[in-house]
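# Fold and contact review
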Amino acid sequence: MLAGSRIDDEDGATVLADDLSVCDDDAERNRGRQITSAQAREERRAARRYRYTIAIIVLLTLVVSAIVAAIRFGSPRLSTGQQQSGEGALDLSAGNGLREKENEERLEQTLQYLVNFRVSHWTTLDYQYRGNVFERGTGYSPQYRAAVWIARRDLRRLAIPSAEEHSKEEYPFLQRYALTVLFFSLGGLDGWTWRVDFLQGFHECDWHDKFTIQGVAGEFLWGAMCDGAPDLDEDDIANGGGDLVSRWNAMLSKSRVVTAISLPPLNHMQGTLPSELHHLKYLKQLHVQFNQEISGSIPFEYGWLEHLSDLTFTYTSLEGKIPRTFAGLAKMEMIDLSHNSLRGNTLDGDLDFLKGMSDLTHLSLSYNSNITGTLPDFSSLIDLEELSVSNTGLYGTLPSWLPELTQLKKLRVDDCAFDGSVNILQSMKHLTHVYIEDNSFTDSIDDAFFADFDDLVHLDVSNCSFNGTVPGHLFQLPNLEVLDMSVNQLDGVLPADALGEVNRSSPIDGGIAQLTNLTTLDLSSNQFTGTIPDLSELADLQILFLGRNLFIQGPVPTWLREMKQLTELSLKSAQLYDTIPTWLGELTKLTYLDLGENTLIDTIPQSLGNLTELMVLMLNSNRLEGELGLGQLEKLEALLIDDNAITGNTDAMCAHELTHFIADCASSPNRTVELNCTCCTLCCSDENATCNDSEWLGNHLGIWEYGYKRRIWDFDENGALTPLVNYNQLQSQP
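Calculation notes
Residues numbered from 1 in each chain as written. Predicted model: local features only at pLDDT ≥ 70, side-chain atom pairs only at ≥ 80, totals over all residues. Heavy atoms only, no water. Pairing = 2+ DSSP bridges. Helix = DSSP H or I, 4+ residues; strand = E, 2+ residues; numbered from the N terminus. Buried < 20%, exposed > 50% of the residue type's maximum accessible area, 1.4 Å probe, protein only. Phe/Tyr/Trp six-rings, centres within 6.5 Å; stacked < 30°, edge-to-face > 60°. Disulfide = S-S within 2.5 Å.

### Concerning the sheet that holds strand β19 (residues 444-445)
If you trace the 4 strands from one edge of the open sheet to the other, you get β19-β21-β23-β27, paired in parallel fashion. Of all strands in the sheet, those with a lone pairing partner are β19 and β27 (527-529), marking the two edges. As judged from the 2 bridges shared by β19 and strand β21 (residues 467-468), these two strands associate in the parallel manner. Each residue of the ladder has a partner; that of I445, found in β21, is G468.

### What about helix α5 (residues 142-153)?
For α5, the tally of buried residues reaches 11 of 12 residues, placing the bulk of the element in the interior. Listed in full, the buried residues belonging to α5 are Q143, Y144, R145, A146, A147, V148, W149, I150, A151, R152 and R153.

### Re the packing of aromatic side chains
Considering all chains together, one arrives at 29 aromatic pairs under this definition. Look at F441 and F466: their rings are 6.3 Å apart centre to centre, the planes differ by 10°, and that puts the pair in the stacked class. Here F441, found in strand β18 (residues 440-441), pairs with F466, found in the loop between β20 (458-460) and β21; they are 25 residues apart in sequence, far enough to count as distant. The burial state of F441 is the same as that of F466; both residues are buried. With 5.1 Å between their ring centres and 45° between their planes, W696 and F715 make a pair best called tilted.

### Thoughts on the state of the cysteines
According to the stated counting rule, one finds 5 disulfides in the structure shown. One disulfide bridge connects C654 with C679, the sulfur atoms lying 2.0 Å from each other. A torsion of -80° about the S-S bond marks the disulfide between C654 and C679 as left-handed. With a gap of 25 residues between them, C654 in the loop between β37 (648-649) and β38 (660-663) and C679 in the loop between β39 (675-676) and β40 (682-683) connect regions that are remote in the sequence. Using a relative accessible area of 19% as the deciding quantity, one classes C654 as buried. Note that C684 is cross-linked by a disulfide to C691, the S-S spacing being 1.9 Å. Residues C684 and C691 are joined by a disulfide whose S-S torsion is about -70°; by sign, that bridge is left-handed.

### A closer look at the environment of D126
Along the polypeptide, D126 turns up in the loop between α4 (97-116) and α5. With 18 residues separating them in the primary sequence, D126 and Y144 have C-alpha atoms 7.8 Å apart.

### Points about unusual backbone geometry
Not every positive phi belongs to a glycine, and H268 is a case in point at roughly 55°. Topologically, H268 is positioned in the loop between β3 (257-262) and β4 (270-272). Phi is positive for Y315, which is not a glycine, with a value near 55°. Along the chain, the position of Y315 falls in the loop between β7 (310-314) and β8 (319-321).

If you want it as structure tokens, here you go:
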């Protein structure tokens, strides 16, 4: 044992203690020997050096042992390699016998705590540990796997809370356990593409990662995110309060508390949502989206998350009713449960829980076809800015309380079974986006139809059985970007009032010129007459559909030559005649061109070969002749040239495989083959009047969900095409 405190101390009590120690230790050995004072001092110094050396060796040995133990049995962070592979945390060795005994005790204590305090149902924890818990197909529940991991394999080695009484270790343990259950419940062990650092040895607040999406600015943070405990009383945080709960809250405010979970989309997640997430009592945001193999119902316990303000379960396969316990989510601001298989009947009060969410600003139940009944009275939701119930089973008339939602900007009630009048909307001048298409309204459009809606950006009233004419004031809305009035029974000339005057005072052409922001105009499939109006002043127009109307017969309008910004143009069945103008090849941004079902004559101009972005070209049912050519259109995926007199061969076009290629290449007893085609997907002949009798309408699928940016052309039984895919690259893959 060392008696001194410093190695070089030669004074006072330290020297005396050293002297006494040396004398006591060496008295017997030096008995009878004559030792000078100098020799005695030298021997004492030698003895001290020896002891100090031994002490340093012992100390270093202890330090090294501690480091080895830390590396072997747990450290706050994994190495880089382990962090990248979630398996690292699962594959660690259980250790030697002593460690195994400790692990058994930790697991037993964990299970007792989880059962006694009903953290998880006991049936999910009733297993015998066999050592193969994490092997695929072993049948262990997510809860038991989470218990084993946190007790035996977790590198943080959190203290296990007492199974007898609540303790300060409880919430950190619950937080980590709940997230671990989530990981196992959604198939994290079996197939997540991105594990976002779940089940790593560091704090769960770091179980997230940054992502970027091509074409989208900024970074996305997916995983578990933290901040201090939210919504605590400031005095509790500052002073700790006087009672146990206040002191506990003050402690939590300084710790790292999970307040948001946002799981990566398209991450091959599968399974059901675990009820254990309700233990994350400070959770504010919960986002699970674009993982369609997530099924089951929404746990009713989520209604106990009193701080929850933002809930998104979209593009999954959730089913069942929305829990009525959601009535307790008083702080809710945003709910998006769209694109699921949820059900409910509003006449039975299945959506009444929403009425108490006075802070709600965004509500979407769209694409849940089994939500039926009439639209409930949401007039209490005075802060609501977006209401989306499209593609549900709701029916009846638009309710009279809608104008009471004075903050409402976006209304989506399309693709339902609403009927009656839309006059109730005419007083809601604050609306910016209105989607009421694909319903059974019976109105006649008049001069009051969405008049003075100066903030209106999108208006889609297609396929609603409206009759009347297009009022001139719609062409004076300064912020309008999208106007879709297709598939109705509208008549008259375009624009309204026989190209006369708007409001009897200003020329209609001046009105059209004010639509400087218009990007999409679809007036197809109506009964408009007269000539096709000059729209060349619409400098931002990208999508123009005017086909299937009763226009006066005429050539392709020459003003189209100025519209080089167009990406889609459809003049199907627009009474066009004469030749296809060569200047169409100057509209090089076109991806979709439909001139079918007209009486166009002569040959196909080879200048169309300059349209290198073109994916859809429809020239069928005309009087075209000559050879096809156009082999340079390498992106073309749909080509319809049947019901013409085109001859020769298609070798140049067949240099790449098309998804749809329909031509007059069928043989018949009375006529020779008009066109030799080795890659056509359908061959027709003049004798077969029903060949290719599909509509081939590229505009009938609503695209508001994509901000009217083209994502898909849906051709019903003929399938779909998307401009987002390089089909040639796909076809070249083995």
